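Breakdown of the fold
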2 protein chains.
Amino acid sequence: MTARPGGRSARVRAAVIDATFAELAEGGYLRLTVENVATRAGVHKTTVYRRWGTVDELIADALEHSRDADWPVPDTGSVEGDLIAVADDVARTFADPARRTAPVAVVAAALQSSRAREAMARFYADRHRRAAEVVSRAVARGELPATTDAVELIRLTCAPLFYRVFVTGEPVDREVAERSARAALAAARAGLL
Amino acid sequence: MTARPGGRSARVRAAVIDATFAELAEGGYLRLTVENVATRAGVHKTTVYRRWGTVDELIADALEHSRDADWPVPDTGSVEGDLIAVADDVARTFADPARRTAPVAVVAAALQSSRAREAMARFYADRHRRAAEVVSRAVARGELPATTDAVELIRLTCAPLFYRVFVTGEPVDREVAERSARAALAAARAGLL
DNA sequence: CTCCTATCGCAACTTTGGTTGCGTTAGCAT
DNA sequence: ATGCTAACGCAACCAAAGTTGCGATAGGAG
């Protein structure tokens, strides 16, 4: 009747989640199978099937587990610099074949399971909330109107990059990141957010 | 040795593509299997496997086949009205559970096959090119600087909507569409595109 | 220390997506 | 009209994902 979060269960869970990340980094969403993850984790596949059920649940769990990973909020001194830094971080991630696999797989999983979709939504909501700090600082400095929707400005900054990656298939680089950030900033300065 | 594009092959292809759309509208990407499509098309599954191979190829083919479908370019008299119309069309599509399945499935397919990815890229490149007409008219009317990148303005208008649908999982409505269009327009007027 | 049971390992089984070999049908050319 | 062959239908086959029943193991409580 009693749960056992401190013992074997915790070890198994940690091993499986680590294996999920490792498999994801290697082969992306396509190569991510329950069996491969189980084998790499040194665990039997039935264990994974019983506790998670599908690869999408695995990704959802891995995503929630990684939310507390530290992500540095940029602080360059100006909103423009900060927003460009945020955008450039996204652009660099997608430009790197090794690092892009994880977020791409997350989106793929979110398209197939509601658990993964919710986990992804929470992940990005959290990240946006944290990134919104650069907007708060800007408002405090008088760079932006006090009515500015901070999170919306962050969304507007990142959206064009994701759009290129997932919809139009166009490359993302520093130039695109700067343009996105400046465009979003122009809207904010115009008091549209 | 001779090809036979006019006879049975053409009928089979049309039936299969129609069945692909129908299956897609019903159950989305998850329910889309080669067997279901073949059965609905009144064709044996081996035929579909031999000519297309995977569901992603099916989607890619269906997408290329639907590219010539007419899509009305809005003409409200002002750029703002036109851009809002473009954005609202996207928002309405994603807000309708029946109509959203197709584009969502296309993105899902694009994440798993390069053929689907290329087909999707071509599809949206074509649509952007056509929608860019509203920008050309605006430049002709003197509403926007002549240096404006028309396609980039269209991308900026649509990006936040797709971002909400595929990344943050937030709803899209008329209000979001208007804000996206106005934000993109502000950037264009500032000469940032 | 000892018992209880949640959880895991294992092997066998079921289901389903995908493949192959072969005979049949139906366009197209002559 | 008639022969040729590309394309299709069919059934049997293969591989891999996912399931189930059962015995074994190891935390945690008393």
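Here the residue numbers are simple positions, counted from 1 along each chain's written sequence. Labels follow written order: the first chain is A, the first ligand is 1, and so on. Residues qualify for local features only when their pLDDT is at least 70, as the model is predicted, and side-chain atom pairs are given and counted only at 80 or more; totals for whole chains, interfaces and linings, by contrast, use all residues. Here the side-chain values reflect all heavy atoms present in the structure, with hydrogen atoms and water set aside.

1. So, the overall build of chain A
The condition is simple: Helical segments are the DSSP runs of H or I of at least four residues, strand segments are the runs of E of at least two, and each set is numbered from the N terminus. Contacts: residue pairs with any heavy atoms within 4.5 Å of one another. Accessible surface area values rest on a Shrake-Rupley calculation with a 1.4 Å probe, where residue burial reflects the displayed protein chains alone.
Looking only at helices and strands, chain A features 10 helices and 0 strands. When the helices and strands of chain A are listed from N to C terminus, the series reads α-α-α-α-α-α-α-α-α-α. For chain A, the spread of C-alpha atoms along the three principal axes comes to 55 × 40 × 25 Å. Sequence separation of 24 or more characterises 63% of the internal contacts of chain A that already satisfy a separation of 6 or more. Looking at chain A as shown, the accessible area adds up to about 9100 Å², and 51% of this sits on carbon and sulfur atoms.

2. Some points on the relation of the copies chain B and chain A
Stated precisely, the cut-off is as follows: Copies are brought into register by a least-squares superposition over C-alpha atoms of residues with pLDDT of at least 70 in both.
With an axial shift of 0.0 Å and an RMSD of 0.1 Å, the rotation relating chain B to chain A amounts to 180 degrees. The transformation just described matches what one would write down for a two-fold rotation axis. Residue B:A159, judged by its C-alpha, is the member of chain B lying nearest the rotation axis, at 2.7 Å. In this assembly the copies share their binding face: 100% of the residues contributing to the interface of chain B also contribute to that of chain A.

3. A word on the pattern of salt bridges
Residue and element names in this part refer to chain B. Our working definition: A side-chain nitrogen of Lys or Arg and a carboxyl oxygen of Asp or Glu constitute a salt bridge if their distance falls within 4 Å. With a 1.4 Å probe rolled over the protein chains alone, any residue whose accessible area is under 20% of its type maximum counts as buried; one over 50% counts as exposed, and the rest are partly exposed.
Applying the stated criterion across every chain, the model contains 48 salt bridges over all chains. In this structure, R182 and E80 form a salt bridge, with 2.9 Å as the shortest nitrogen-oxygen distance. Taken together, the residues span a long stretch of sequence, with R182 in helix α10 (residues 174–189) and E80 in helix α5 (residues 79–95) at a distance of 102 residues. Across the salt bridge formed by R182 and E178, the nearest N and O atoms sit 3.3 Å from each other. You can see R182 and its partner E178 sitting in helix α10, 4 residues apart, about one turn around the helix. Residue classification places R182 among the partly exposed positions, given a relative accessible area of 29%.

4. Quick look at the packing of helix α7 (residues 114–131) of chain B against helix α8 (residues 133–141) of chain B
Residues and elements named next belong to chain B. What counts is decided by this rule: Comment: axis = line fitted to C-alpha atoms, over the contacting stretch for helices; angle = value between 0 and 180 degrees taken between N-to-C directions. Any angle that falls under 35 degrees is termed roughly parallel, while one over 145 is termed roughly antiparallel, one within 65 to 115 roughly perpendicular, and all others oblique. Note that Gly is not counted as nonpolar here; it falls among the polar residues with everything else outside the nonpolar set of Ala, Val, Leu, Ile, Met, Phe, Trp, Tyr, Cys and Pro and the charged set of Asp, Glu, Lys and Arg.
Put simply, α7 and α8 touch, their axes get as near as 4 Å, and they point 25 degrees apart. Accordingly, the angle class assigned to the pair α7 and α8 is roughly parallel. Side by side, α7 and α8 meet where R129, R130 and A131 of the first sit next to E133, V134 and V135 of the second. Among the residues forming the contact of α7 with α8, the class breakdown is 3 nonpolar, no polar and 3 charged.

5. Let's talk about the nonpolar core
Side chains of nonpolar character tend, in soluble globular proteins, to be buried together. Put simply, the test is: We define a nonpolar core as any set of buried Ala, Val, Leu, Ile, Met, Phe, Trp, Tyr and Cys residues linked to one another through side-chain atoms lying within 4.5 Å.
Formed by 134 residues in total, the largest nonpolar core has its most connected members in A:F162 and B:F162. The residues contacting A:F162, other than those within four sequence positions of it, are A:V90, A:F94, A:Y124, A:V167, B:Y163 and B:V167.

6. Topic: the environment of B:A119
Residues and elements named next belong to chain B. Here A119 shows up in helix α7. A relative accessible area of 2% places A119 in the buried class. It is 9.4 Å that separates the C-alpha atoms of A119 and E57, two residues lying 62 residues apart in sequence. With residues up to four places along the chain from it excluded, the contact list for A119 reads A60, L63 and E64.

7. Notes on the packing of helix α6 (residues 97–110) of chain B against α7(B)
Residue and element names in this part refer to chain B. Condition: Should the near helix be turned anticlockwise from the far one by less than a right angle, the crossing is termed left-handed; should it be turned clockwise, right-handed.
Where α6 meets α7, the closest approach of the two axes is 7 Å, and the angle between their N-to-C directions is 135 degrees. Regarding the angle of α6 to α7, the classification is oblique. The element α6 and its partner α7 pack so that their crossing is left-handed. Seen from α6, the contacting residues are P103, V106, V107, A109 and A110; seen from α7, they are A116, R117, M120 and Y124. Taken together, the residues of the contact of α6 with α7 break down into 8 nonpolar, no polar and 1 charged.

8. Focus on the side chain of B:T168
To keep things clear, this is the line we draw: Under the rule applied, a polar contact is a pair of N or O atoms within 3.5 Å (in protein, one hydrogen donor and one hydrogen acceptor; residues adjacent in sequence only if both atoms are side-chain atoms).
Examined against the element boundaries, B:T168 turns out to sit in helix α9 (residues 150–168). Judged by its relative accessible area of 7%, B:T168 is buried. Engagement of the side chain of B:T168 in a polar contact is seen with the side chain of B:E170, the distance being 2.6 Å. Discounting chain neighbours no more than four positions away, the residues touching B:T168 are A:A121, A:H128 and B:Y163.

9. Let's talk about the UniProt feature "DNA-binding region" (unreviewed entry) in chain A
The condition that has to hold: UniProt positions are given in the numbering used here, feature names are shortened, and annotations may be inferred rather than shown by experiment.
Per the UniProt record, "DNA-binding region" (unreviewed entry) is annotated on residues 33–52 of chain A. Within residues 33–52 of chain A, the helical portion is 75% and the strand portion 0%, while the C-alpha atoms at the span's ends are 12 Å from each other.

10. Observations concerning the interface of chain B and chain A
Selection criterion: Buried surface area refers to the total accessible area, computed with a probe of radius 1.4 Å, that the two partners give up upon joining, counted for both partners together.
Between chain B and chain A, the contact holds 32 residues from the first and 32 residues from the second. Taken together, the two surfaces of chain B and chain A that pack against each other cover about 3000 Å², and 71% of this comes from carbon and sulfur. Among the ionic pairs, B:R155 bridges to A:E170, the shortest N-O distance being 2.4 Å. Where chain B touches chain A, the interface holds 8 residue pairs in polar contact (both at pLDDT 80 or more). For the side of chain B that touches chain A, the element with the highest residue contribution is α9(B), accounting for 12 residues.

11. Looking at the domain arrangement of chain A
As a reminder of what qualifies: The domain boundaries here were taken from an automatic or database domain assignment.
Each assigned domain of chain A is listed here: domain 1 (8–53) and domain 2 (79–189). Centre-to-centre separation of domain 1 of chain A and domain 2 of chain A, based on C-alpha positions: 29 Å.

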